[in-house]
Amino acid sequence: MAVYLVIESGAAQVAHAMGVIGWWLLPITLFHLVPLSFSALSWRQLISGPSAITLIWIRWIRDSINSLLPVAGIGGDIASVRLAHLQGVPGAQAAASMVVDTTIGVATQLIFVISGVGLLLMRSTERSALVLAWVVLIGTGVFIVLIAAFVLFQHRGLFVGFANLARRLVAEKWLSTFAASASAIDDAVAAVYRSGWSILRAIILRLIAWAAGVGEIWLVMQSLGHPLGMLDAFTLESLSSGVRVATFMVPGALGALEGSFILFGALFGLPAQTALAISLSKRVRELALGLPGLFVWHWIEGHYLLRRSESKAR
């Protein structure tokens, strides 16, 4: 789908737009470290022990896995729990903090999307904008219900329930470790939600992270010589963020993200090749930051396994 959209929009024009961006890809890529850092600081409000720097590089690996591997957007979250545990965080606390952090991430992302829809309706009352707004709001409403149900299950023994369900599907010997820690994880999740101001700070920092991501689109448009206002950039980023939520099962939202930028960009008068240049700039950034992240993850796991095998040999 992504390749088809590039060809249909004019591969030569898209290539020219990417050529115009040129060296701007470096600051555009590095700028992503700003929202990434705020996301890591949000997680830090929910977990004790690791320093901010440690959580930033773990968040980097987490995003690298979710962006480049077919893991339904949660493989990186699971890997980050393990990485936090390797840094000395108790397993139950690491898992609980990640469950709450993921919940806050999706909830604040929906707030971000709704804000973008509001700005879109303030900007335009054309029928196409109204239809798009209704579609996004309906999808957002569905996800709000799902998040509310997820939070409710977290307070009703989510992991113990998983363990009981898993006993009917897999052998008991494979579940012994998880079943023993399920209750501890549920207790840790409840404790995180009772932390009060920490939850509020985590929400605020995550909202700042979503808003900071708007700068990436703004920089791309500056590099193309077609400056876009911050409010318009905010709207475009928030709507495309909603597409990522809806297509979480598609690895990297490939094709879906490109199509959304063409659709949403048209509302702001952006040619298809310009809209695709924004999307491809994000792809370049994902590769530039993600591939080293995967390499570091592989090195950490390989180093851990090597030390474990050496200790057993002794």
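Structure first, text after, so check above.
Residues numbered from 1 in each chain as written. Predicted model: local features only at pLDDT ≥ 70, side-chain atom pairs only at ≥ 80, totals over all residues. Heavy atoms only, no water.

Participant: I'm lost on the packing of aromatic side chains in this one. Help?
Facilitator: Where two aromatic rings form a pair, the distance of their centres and the angle of their planes describe that pair. For the coordinates displayed, the defined rule picks out three aromatic pairs. Aromatic pair tryptophan 23 and tryptophan 24: ring centres 5.3 Å apart, planes at 35°, arrangement tilted. Residue class for tryptophan 23 comes out exposed when judged on its relative accessible area of 63%. According to the relative accessible area criterion, tryptophan 24 is partly exposed, its value standing at 24%. An angle of 15° between the planes, with centres 6.2 Å apart, marks the rings of phenylalanine 112 and tryptophan 210 as stacked. Taken as a pair, phenylalanine 112 in helix α6 (residues 91-123) and tryptophan 210 in helix α10 (residues 197-212) lie far apart in primary sequence, 98 residues in all. Owing to a relative accessible area of 4%, phenylalanine 112 belongs among the buried residues under this scheme. Given a relative accessible area of 21%, tryptophan 210 falls into the partly exposed group. Each member of the aromatic cluster is reached from another via a ring pair, and the members are Phe112, Trp210 and Phe234. (Phe/Tyr/Trp six-rings, centres within 6.5 Å; stacked < 30°, edge-to-face > 60°. Buried < 20%, exposed > 50% of the residue type's maximum accessible area, 1.4 Å probe, protein only. Helix = DSSP H or I, 4+ residues; strand = E, 2+ residues; numbered from the N terminus.)

Participant: Is there a simple way to explain the side chain of aspartate 101 in this structure?
Facilitator: Within the secondary structure layout, aspartate 101 lies in helix α6. Take aspartate 101: its relative accessible area is 0%, and that puts it in the buried class. Among all residues touching aspartate 101, those that are not within four sequence positions of it are Ser42, Trp43, Leu46, Arg59, Arg62 and Arg206. (Contact = heavy atoms within 4.5 Å.)

Participant: Looking at this structure, how should I read the side chain of serine 241?
Facilitator: Checked against the element boundaries, serine 241 lands in helix α12 (residues 230-246). In this structure serine 241 comes out as buried when scored by relative accessible area, which is 5%. In terms of polar contacts, serine 241 uses its side chain to reach the side chain of glutamine 109, at 2.6 Å. Beyond its immediate sequence surroundings of up to four residues, serine 241 is in contact with Gln109, Phe112, Val113 and Trp210. (Polar contact = N/O pair within 3.5 Å; in protein donor to acceptor, adjacent residues only side chain to side chain.)

Participant: Sorry if this is basic, but what is going on with helix α13 (residues 256-267) here?
Facilitator: Residues lying three or four places apart along an α-helix face the same way, a consequence of the helix completing one turn every 3.6 residues. Spanning twelve residues, α13 covers 17 Å between terminal C-alpha atoms, matching the ideal 16 Å at 1.5 Å per step. Of the positions making up α13, those classed as buried are Leu257, Glu258, Ser260, Phe261, Phe264 and Gly265. The buried residues of α13 occupy an angular sector of 160° when the element is viewed end-on, so they sit on one face. Positive backbone phi, at 75°, marks glycine 269, one or two positions downstream of α13. (Expected span 1.5 Å × (residues − 1). Arc of directions from axis to C-beta.)

Participant: Explanation requested: the pattern of salt bridges in the structure shown.
Facilitator: Opposite charge on two side chains makes pairing possible when the charged atoms of those side chains draw close. Scanning all chains against the criterion turns up twelve salt bridges. In this structure, the salt-bridge partner of lysine 282 is glutamate 237, at a minimum N-O distance of 3.1 Å. You can see lysine 282 sitting in helix α14 (residues 272-313) and its partner glutamate 237 sitting in helix α12, a full 45 residues away along the chain. For glutamate 237, a relative accessible area of 12% puts it in the buried group. For arginine 283, the salt bridge identified is with glutamate 258, shortest N-O distance 2.7 Å. Of this pair, arginine 283 sits in helix α14 while glutamate 258 sits in helix α13, and the two are 25 residues apart along the sequence. As far as the burial class goes, arginine 283 and glutamate 258 line up, both buried. Here the salt bridges share partners, and the residues they tie into one network are Arg59, Arg62, Asp63, Asp77, Asp101 and Arg206. (Salt bridge = Lys/Arg side-chain N within 4 Å of Asp/Glu carboxyl O.)

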